[in-house]
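Structural characterization, general
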Amino acid sequence: MSGSVILPRDFYDRDPLVVAPQLLNKVLVVRGGPDELVRVSGRIVEVEAYRGLDDEAAHTHRGPTPRTATMFGPPGHLYVYFSYGMHWCANAVTSSAGVGDAVLVRALEPIEGVDMMFERRSAAGRTRDLCSGPAKLCQALSISGALDGVDLTEEASPVVIVDDGVGVVSEPQQTTRIGLSKSVELPWRWMVPGNRHVSR
DNA sequence: ACCGGGATGTTCT
DNA sequence: GAACATCCCGGTG
């Protein structure tokens, strides 16, 4: 798309506390996949940072496991994990390879493929129900474990994150993270202030 | 509006 | 066994 630029590797190769708020207003795009010729996308309006070294809630905090191989890998890749026995959640790996940091994408404002999103998410009654949660957006965009490890910085990738020229959020809303029992005090969740598509 | 519980399977103690 | 980076549905006020 003209005017849209794929975020480069350098963007991700930094501390997730820096990357996370800068991912707000960027656009997550999924193309191809199970439904050929379909392109769906949404603007990132809510994120959380996970930092393996000092964050007890991070999957990587207790060292490498088979599940977290991608999160310990190089930055700029998609880390997808299976949650509560039925949901998928998607992260962008940050920091350098071997560190184990990532940013969880928690909510999108739908842009392209809204009809397809409603088909995939029969429970959604309103547009703001389509992508207002980390597992909801994976369902709407058809992101599953098959896409774990995808390079987000390659033009040919089925999943990319692009900058479409909308600026960074000047004063992101910052709170503690959602749904955790460990490291609950860390204020590592950021949102676009006033956006209707954030999670509850 | 809020609250409680069930679904469902991988990972870790 | 218990915990888990969740969601949905049905209760009640």
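Quick look at the structure, then. (Residues numbered from 1 in each chain as written. Chains lettered and ligands numbered in written order. Predicted model: local features only at pLDDT ≥ 70, side-chain atom pairs only at ≥ 80, totals over all residues. Heavy atoms only, no water.)

Some details on the protein's contact with DNA strand C
Close contacts around DNA strand C come from 22 residues, with Tyr81, His87, Asn91, Ala135 and Ser181 the closest. Of all atoms in DNA strand C that approach within 4 Å of the protein, 55% are sugar or phosphate atoms. Between DNA strand C and the protein, one listed contact pairs a phosphate oxygen with a backbone N or O atom of lysine 136 at 3.2 Å. Breaking the surface near DNA strand C down by element, the ones donating at least two residues are β4 (78–83), β5 (87–94), β6 (101–112) and α4 (134–141). Among the residues forming the surface near DNA strand C, the class breakdown is 11 nonpolar, 7 polar and 4 charged. (Near = heavy atom within 4 Å. Polar contact = N/O pair within 3.5 Å; in protein donor to acceptor, adjacent residues only side chain to side chain. Helix = DSSP H or I, 4+ residues; strand = E, 2+ residues; numbered from the N terminus. Nonpolar A, V, L, I, M, F, W, Y, C, P; charged D, E, K, R; others polar.)

Side note on the pairing of β4
Counting buried positions along β4 gives 5 out of 6 residues, so the element sits mostly inside the fold. Two strands pair when backbone bridges link them, and β4 and β5 are joined in this way by 6 bridges, in the antiparallel orientation. Each residue of the ladder has a partner; that of valine 80, found in β5, is alanine 90. Here β4 folds back onto β5, and the loop between the two strands holds 3 residues, one of which, tyrosine 84, carries a positive phi near 55 degrees. (Buried < 20%, exposed > 50% of the residue type's maximum accessible area, 1.4 Å probe, protein only. Pairing = 2+ DSSP bridges.)

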